[in-house]
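# Working through the structure, step by step
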Amino acid sequence: MQKKRVAIQGIRASFHEEAAFKFFGTDIETIECESFKKTCEVLKNKQADYVVMAIENSIAGSLLPNYTLLREYNFSIVGEVYLAIQLHLLALPGVKFEDVKYVQSHPIAIRQCSDFFEEFPHLQVVESSDTAACAKKIREENLTDTVAIANLLAAKLYDLEVMERRIESNKKNFTRFLILANKPLENVEVNKASLSFQVGNSVGSLADVLNIFASHKINLSKIQSMPVLGKRNEYNFYVDIEWKNQADYDSAIRQVLKHTINFTIMGEYLKNDKV
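Quick caveat, the model's predicted, so the values are computed rather than measured.

Scoring rules and cut-offs
- Each chain carries its own residue numbering, running from 1 in the direction its sequence is written.
- Per-residue local features of the predicted model are confined to residues with pLDDT of at least 70, and side-chain atom pairs are confined, for both listing and counting, to 80 or more; whole-chain, interface and lining totals are unaffected and use all residues.
- Computation of side-chain values covers all heavy atoms of the structure but excludes hydrogens and water.
- Only protein chains enter the accessibility calculation, which uses a 1.4 Å probe. A residue is then buried if its area is under 20% of the maximum for its type, exposed if over 50%, and partly exposed in between.
- Numbering goes from the N terminus for both helices and strands, where a helix is a DSSP run of H or I of at least four residues and a strand is a run of E of at least two.
- This arc describes the spread of directions from the helix axis toward the C-beta atoms.
- The contact criterion used throughout is that any non-hydrogen atoms of two residues lie within 4.5 Å.
- Each cavity reported here is a set of points on a 1 Å grid over the protein atoms alone in which a 1.4 Å probe fits but cannot get out, each pocket an open set with protein on both sides within 12 Å along at least five of seven lines, and each lining residue one with an atom within 4 Å of a point.
- Grid points are joined across faces, edges and corners, and a volume is the space filled by probe spheres set on the points.
- Each residue gets one label: Ala, Val, Leu, Ile, Met, Phe, Trp, Tyr, Cys and Pro are nonpolar, Asp, Glu, Lys and Arg are charged, and the others, such as Gly, are polar.
- Any two strands with at least two DSSP-identified bridges between them are counted as paired.
- Axis definition: a line fitted to C-alpha atoms, over the contacting stretch in the case of helices. Angles run 0 to 180 degrees between N-to-C directions.
- Any Lys or Arg side-chain nitrogen found within 4 Å of a carboxyl oxygen on Asp or Glu counts as a salt bridge.

Among all positions in helix H8 (residues 205-215), only Ser205, Val209, Ile212 and Phe213 are buried. Along the axis of H8, the buried positions cluster into a sector of 95 degrees, meaning they face one direction only. Opposite the buried face of H8, by more than 90 degrees, sit the exposed residues Ala214 and Ser215. On its buried face, H8 sits against strand S12 (192-198), strand S14 (235-242) and helix H9 (246-256). Following H8 by one or two positions, Lys217 adopts a phi angle in the positive range, close to 60 degrees.

Time to look at the layout of surface pockets. One number sums up the size of the largest pocket: a volume of about 560 Å³. Residue classes in the lining of the largest pocket are distributed as 11 nonpolar, 12 polar and one charged. Estimates place the volume of the second largest pocket at around 220 Å³. If you trace the second largest pocket, you find it lined by Met1, Gln2, Lys3, Lys4, Phe24, Asp27, Ile28, Asp49 and Tyr50. Here the lining of the second largest pocket is built from residues that sort into four nonpolar, one polar and four charged.

Sheet strands pair by backbone hydrogen bonding; their relative direction is either parallel or antiparallel. If you trace the five strands from one edge of the open sheet to the other, you get S8-S7-S9-S6-S10, paired in mixed fashion. The open sheet is flanked by strand S8 (124-127) and strand S10 (161-164), the only strands paired with a single partner. Sheet twist, expressed as the average angle between the axes of neighbouring strands with direction ignored, equals 35 degrees. Relative to strand S9 (residues 146-150), helix H6 (residues 131-141) is tilted by about 150 degrees, and along the sheet it contacts strand S6 (88-91), strand S7 (102-105) and S9.

What follows is about the pattern of salt bridges. Enumeration over the complete set of coordinates arrives at 15 salt bridges. The partner of Lys222 in a salt bridge is Glu56, with the nearest N and O atoms 3.1 Å apart. Of the two residues, Lys222 sits in strand S13 (residues 219-227) while Glu56 sits in strand S3 (residues 50-57), which places them 166 residues apart along the sequence. When its relative accessible area of 13% is taken as the criterion, Lys222 is described as buried. Across the salt bridge formed by Glu80 and Lys192, the nearest N and O atoms sit 2.9 Å from each other. Placement of Glu80 in strand S5 (residues 76-84) and of Lys192 in strand S12 is noted, with a sequence separation of 112 residues between them. The exposure class assigned to Lys192 is buried, which follows from its relative accessible area of 3%. Taken together, the shared-partner salt bridges connect Glu56, Glu80, Arg176, Lys192, Lys222, Asp240, Glu242, Lys271 and Asp273 into one network.

Structural data, given as structure tokens:
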């Protein structure tokens, strides 16, 4: 049986690959991509079966450019996975902390370890495009004066020692990832959906839509707005909804269609929010 081909932004042992492992298991073929747009191109050209794409972080917030990609490429969201972001200081075996001069990592990972850097102000911070790439560089270039901030997957893959564990400032840090495919999965259980739509620029137009969901016992778990490109005072709304009764959901969608413009069901899938 052929392995699932999963495209990720970044390289192996990044948080995106860790999320892919959590969702699909480790028996997959990881396709490394230098950008989120590249992951979409790979999926569009059928060089991958799925994309794992970060969409929000509990500290950094929503990744707004990725909402634009979702709309642009019109893929189906077929799943989600939440990953606890645990950051560790990784070094070559035998390196002592007093010999370290440089710390490399992704800018967001660096910001999430601000308390650690306040404690050790002599460390020079170097920003990079990917947490795992920093770990890989230390191994390949045999850097004895540099440490990386990355996950345990990177420590294992690139044979590095964990010099300091859990250096992130907020221990309740998690990222939500979406699982994307070219078309919806068939015959699968669903209880959550991601929708996008616009509403008319009149008093209560958005409230009308939200009230329809409420009256059908549909839980609105997220709402995100983004300006429509080139239009003043027009917005795309992205919402995530959850339900217990499929008939309630079906009825709500039929009614919402009458109150919205450019309504799109971006995906229907199974809620999967365990960290």
